[in-house]
Amino acid sequence: MTVTDAREKALLESVPTGLLIDGQWREASSGKTFDVKDPATGRVIASLQDANSDDATAAFDAACAAQADWARTPARERADILRRAYDMINERAEDFALLMTLEMGKPLAEARGEVVYGNGFLRWFSEEATRHYGRTLTAPEGTLRMQVNHKPVGPCLLITPWNFPLAMATRKVAPAVAAGCTMVLKAAKLTPLTTQLFAQVMMEAGLPAGVLNVVAGSSASSLSGPIMADERLRKISFTGSTAVGKKLMETAAGTVLRTSMELGGNAPLIVFEDADVDAAVEGAFNAKMRNMGEACTAANRFLVHEDVAEEFTRKFVARLEALTPARGTDPESTLGPIIDDGAREDIHALVTEAVAAGAEVLTGGEKVAGEGYFYQPTALKVARDNPILTQEIFGPVAPIVTFTTEQEAIEMANDTEYGLASYLFSRDPSRMYRVAEQIEFGLMGYNVGVISNPAAPFGGVKQSGLGREGGAEGIEEYTTLQYIAVNDP
Ligand code: NAD
């Protein structure tokens, strides 16, 4: 389906540009705005109200004021709102997909995939909302009845990154709504439009005023600062870089704040000598090139057994060379732009450094000339000590390194401070269990390159973060336990 300029314009004009505070779309108190650009062209596509710390405080006041009533709202009502929003986003799936392509750059087909995935959190947590049971038991001594209740943790601050504009928001908002929490949501300034539209849908679905407040702004820390300093805040859930996550954790210590941290990754993808090489190439391609490699789960290091390295590399490089970089609205596009020029420069600097350290460029390795921030799909043959293996690349660049034994592959995989996603390809399920036992990653894909699912507990170990999103565990992040000892045996 071809997207016309008129269709883009109409969609962009329909997106609310204000701050959502206490159920009203408001102007920023400073009267300032900030611009959002299309990374495929570098052109401004929208201007949003630029919230400052006063607006953030007003948004948080609204969340606090709404908390007690929202906590008392029956779970079924909360679930029904989520389910209605899910149905409404399904009806407007093309709008959401196009908006993500316009502000973030991913090809439309991938943006449609994100609508399915991201919206899935609303459905999943609409189901979980009514199935979150406490328990009662009798004390072992027979002296007390013990009741364990779940309570909403309280007002939350939710901070999301730019790479999955819908899914990162729904993955936090849906469980918070399901649990009975109120919140301030702050999206990344590079991609706030999808969040604005999502918030509008949530309001239309019947969410009471003040439960979800949205502040967009050009200065992240001036929005998070006053909220995090406020003792009424009970929880922060952050998805973004490990560096910013660490800073927020330091601040969180000030009020002993509950934290969920979904941070960076350095995912190994291991291809063993007994793998189906074609399936491994397909999985590797998906694990690397989805979202232009701008995913925390993106395969970042390709560890390939030396017996299959030549075949894997040849076929994988052919897949990369078949990609068509173009604006995501172009039906031919299979690779969108990098989010902005700075991010593209960072990727190129990593490639340049890798080459200086001895990497061989198998394909790509350069910026694509012309408008927008495109980067060539790139494969590098590297030695084990190449510095690129220690960095989160966040772009369409695949360093390939060989190994000889299973133990060596496991040690190489674990040789990072990160621990989010990992992938392995092998025909031997017993090997899968052996590796899973030793590998230090929160997520592992076995013969598959895309593993995220709303029903799965997503999250990392080591410096990839704390907590889990999705699955039965996702709602726990937004609840706290209360134990009541009842002296009525
Ligand atoms: P980022 O850390 O720069 O920004 C993330 C969010 O934090 C944005 O909303 C940003 O405005 C905000 N922010 C930045 N500085 C802040 C500060 N000082 N105080 C408060 N908020 C601040 O990350 P990014 O570039 O938007 O996203 C890419 C990173 O996110 C990568 O490292 C990637 O691995 C990670 N990520 C992790 C997951 C996961 O689930 N583990 C998912 C997606 C992305």
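Criteria and cut-off values
- Residues numbered from 1 in each chain as written.
- Predicted model: local features only at pLDDT ≥ 70, side-chain atom pairs only at ≥ 80, totals over all residues.
- UniProt positions renumbered as here; feature names shortened; annotations may be inferred.
- Helix = DSSP H or I, 4+ residues; strand = E, 2+ residues; numbered from the N terminus.
- Expected span 1.5 Å × (residues − 1).
- Buried ≥ 20, exposed ≤ 12 C-beta atoms within 10 Å, placed from the backbone.
- Arc of directions from axis to C-beta.
- Contact = placed C-beta atoms within 7 Å.
- Near = placed C-beta within 6 Å.
- Nonpolar A, V, L, I, M, F, W, Y, C, P; charged D, E, K, R; others polar.
- Domains from an automatic or database assignment.
- Pairing = 2+ DSSP bridges.
- Axes fitted to C-alpha atoms, helices over the stretch in contact; angles between N-to-C directions.
- Core = buried A, V, L, I, M, F, W, Y, C linked by C-beta atoms within 7 Å.

- As recorded by an unreviewed UniProt entry, the protein chain carries the name Succinate-semialdehyde dehydrogenase/glutarate-semialdehyde dehydrogenase and is attributed to Micrococcus cohnii.
- For the record of the protein chain, the UniProt heading Sequence similarities (unreviewed entry) holds the text "Belongs to the aldehyde dehydrogenase family."

1. Observations concerning helix α3 (residues 75–91)
- The terminal C-alpha atoms of α3 lie 25 Å apart, and with 17 residues this matches the ideal 24 Å at 1.5 Å per residue to within 8%.
- Taken residue by residue, α3 has R78, I81, L82, A85, Y86 and I89 as its buried positions. What you see down the axis of α3 is that its buried residues fit within an arc of 140°, all on one side. Facing away from the buried side of α3 by more than 90 degrees, the exposed set consists of R76, E77 and E91.
- Residues of α3 that are buried make contact with α4 (93–104), α5 (108–128), α6 (167–179) and α7 (193–204).

2. A word on the site of the ligand
- Every one of the 27 residues lining the ligand counts as a neighbour, but P161, A220, G240, E262 and C296 are closest to it.
- Element by element, the count of residues in the shell around the ligand is highest for helix α8 (residues 220–228), at three residues.
- Along the lines of polarity and charge, the residues of the shell around the ligand split into 11 nonpolar, 11 polar and five charged.
- Here the shell around the ligand gathers at least three residues from each of two domains, domain 1 (5–263) and domain 2 (267–446).

3. Digging into the pairing of strand β4 (residues 43–49)
- Here strand β3 (residues 33–38) pairs with β4 via six bridges, running antiparallel. Note that in β4 the partner of F34 across the bridge is L48.
- The antiparallel pairing of β3 with β4 creates a hairpin that spans four residues between the two strands, and G42 there sits at a positive phi of about 80°.

4. Some points on the pairing of strand β5 (residues 135–138)
- Alignment of β5 against strand β6 (residues 145–152), held across four bridges, turns out to be antiparallel. Opposite T136, over in β6, you have Q147 as the bridge partner.
- Connecting β5 to the antiparallel partner β6 that follows it, the hairpin turn spans six residues, and G142 within it adopts a positive phi of roughly 80°.

5. Looking at the sheet that holds β5
- With antiparallel pairing, the three strands of this open sheet are ordered in space as β5-β6-β20. The sheet is open, and its two borders are formed by β5 and β20 (479–486), each paired with just one other strand. Across the sheet, the axes of successive neighbouring strands diverge by a mean angle of 20°, strand direction being ignored.

6. Considering the UniProt feature "active site" (unreviewed entry) in the protein chain
- Per the UniProt annotation, the sites labelled "active site" (unreviewed entry) are E262.
- Here E262 is to be found in strand β11 (residues 258–262).

7. Digging into the domain arrangement of the protein chain
- For the protein chain, the assigned domains read domain 1 (5–263) and domain 2 (267–446).
- A straight line from the C-alpha centre of domain 1 to that of domain 2 covers 31 Å.
- Of the residues lining the interface, 15 residues belong to domain 1; the matching set on domain 2 comes to 18 residues.
- At the level of elements, α4 and α5 are the ones that each hand at least two residues to the side of domain 1 that touches domain 2.
- Broken down by element, the residue count for the side of domain 1 that touches domain 2 peaks at three residues, all from α5.
- Across the side of domain 1 that touches domain 2, the residue classes break down as eight nonpolar, five polar and two charged.

8. Here we look at the nonpolar core
- Ranked by internal contacts, the top residues of the largest apolar core, which has 143 residues, are L82, M183, V184, L212 and I270.
- Of the residues forming this core, the biggest block, nine residues, is contributed by α6.
- Residues lining this core come from more than one domain, with at least three contributed by each of domain 1 (5–263) and domain 2 (267–446).
- Setting aside chain neighbours within four positions, we find L82 in contact with L122, F125, S126, A129, A174, V177 and A178.

9. Remarks on the UniProt feature "domain: Aldehyde dehydrogenase" (unreviewed entry) in the protein chain
- On the UniProt side, "domain: Aldehyde dehydrogenase" (unreviewed entry) is annotated at positions that read residues 25–483 here.
- Summarising residues 25–483: 39% helix, 20% strand, and an end-to-end C-alpha distance of 40 Å.

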